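# Geometric and topological summary
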Amino acid sequence: ETVAVEMGKLAPDFTAKNINGKEVSLSSFRGQYVLLDFWASWCAPCVAEVPHLQKLEKDLNRRDIVFVSISLDTKREKKAWLRAVEKDGMPWEQLSGLNGVKVDASKLYGVTAIPSNFLLDPEGKIVGMDLRGEELEKVLEQIFGK
């Protein structure tokens, strides 16, 4: 059963394992903005977006926003995923189902191409979709100020 994933609607909740094998639920971040980012270690445009996300994450440090990345890497690509997270320096929450495009979260969100992201407000409602680069920066500036 697919949930309508659209602006203003509640983002579907899911649980996935993080890099340390701990289960993390999307709903555990309620009360904060969440940038939910779908990517994979083999996706060049995704990797190209990382420095931008790093800068934003650093600039927004200690504000009410968390970054959550969901990797679409497969079990076979686990080493590449872990290496990319470490090498590219992504200190935020890294989740994966490690079964490629069958990751429940990507199906839930109807993600057919990556990078793809969703900005959720503190109530868990979708307030932005597929925001990149300067566009993402502008939206976050509107929310948090300069």
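Here's a quick rundown of the structure. (Residues numbered from 1 in each chain as written. Predicted model: local features only at pLDDT ≥ 70, side-chain atom pairs only at ≥ 80, totals over all residues. Heavy atoms only, no water.)

Here we come to the overall build of the protein. Helix and strand counts for the protein come out as 4 helices and 7 strands. Each helix and strand of the protein, ordered N terminal to C terminal, gives the series β-β-β-α-β-α-β-α-β-β-α. Radius of gyration (C-alpha) of the protein: 14 Å, near the 15 Å computed for a compact globule of 146 residues. With the C-alpha coordinates of the protein rotated into their principal frame, the extents come out at 40 × 35 × 25 Å. Evaluated residue by residue, the protein yields a buried proportion of 46% over its 146 residues. Look at the contacts in the protein between residues 6 or more apart in sequence, and 73% of them connect residues 24 or more apart. As presented, the protein carries roughly 8,000 Å² of accessible surface, and 51% of it is formed by carbon and sulfur atoms. (Helix = DSSP H or I, 4+ residues; strand = E, 2+ residues; numbered from the N terminus. Rg over C-alpha atoms; globule rule 2.2 N^0.38 Å. Buried < 20%, exposed > 50% of the residue type's maximum accessible area, 1.4 Å probe, protein only. Contact = heavy atoms within 4.5 Å. Areas by Shrake-Rupley, 256 points an atom, 1.4 Å probe, with all protein chains shown as cover.)

Right, let's get into the state of the cysteines. Under the defined criterion, the tally for this structure stands at 1 disulfide. Paired by a disulfide, cysteine 43 and cysteine 46 hold their sulfur atoms 2.2 Å apart. Residues cysteine 43 and cysteine 46 are joined through a disulfide that is right-handed, its torsion about the S-S bond being 80°. Note on accessibility: cysteine 43 and cysteine 46 belong to one class, buried. (Disulfide = S-S within 2.5 Å.)

What follows is about unusual backbone geometry. With an omega dihedral of 0°, the bond running from isoleucine 114 to proline 115 counts as a cis peptide bond. Examined against the element boundaries, proline 115 turns out to sit in the loop between α3 (104–108) and β6 (116–120). Despite not being glycine, aspartate 130 has its phi angle at roughly 50°, a positive value. Its place among the elements puts aspartate 130 in the loop between β7 (126–129) and α4 (133–144). In this structure aspartate 130 comes out as partly exposed when scored by relative accessible area, which is 37%.

Our next topic: the nonpolar core. Among soluble globular proteins, nonpolar side chains are generally buried collectively. Core analysis: the biggest nonpolar cluster contains 46 residues, and Phe14, Leu36, Phe38, Tyr109 and Phe118 have the highest contact counts within it. Counting only elements with at least two residues in this core, the list comes to β3 (33–39), α1 (44–59), β4 (65–71), α2 (78–87), β6 and α4. Per-element tally for this core: the top contributor is β3, with 6 residues. (Core = buried A, V, L, I, M, F, W, Y, C linked by side-chain atoms within 4.5 Å.)

The next thing to look at is α2. Listing the buried residues of α2 in full gives Trp81, Ala84 and Val85. The arc that holds every buried residue of α2, seen down its axis, measures 95°, which confines them to one face. Exposed residues lying more than 90 degrees from the buried face of α2 are Lys79, Arg83, Glu86 and Lys87. Each element contacted by the buried residues of α2 is listed here: β1 (15–18), β3, β4 and β5 (93–96). With its phi angle positive at about 60°, glycine 89 sits one or two positions after the end of α2. (Arc of directions from axis to C-beta.)

Where β6 meets β7, 3 bridges bridge the pair, whose relative direction is antiparallel. Within β7, the residue paired with leucine 120 across the bridge is isoleucine 126. In sequence, β6 turns back onto β7 through a hairpin of 5 residues, with glycine 124 there showing a positive phi of about 90°. (Pairing = 2+ DSSP bridges.)

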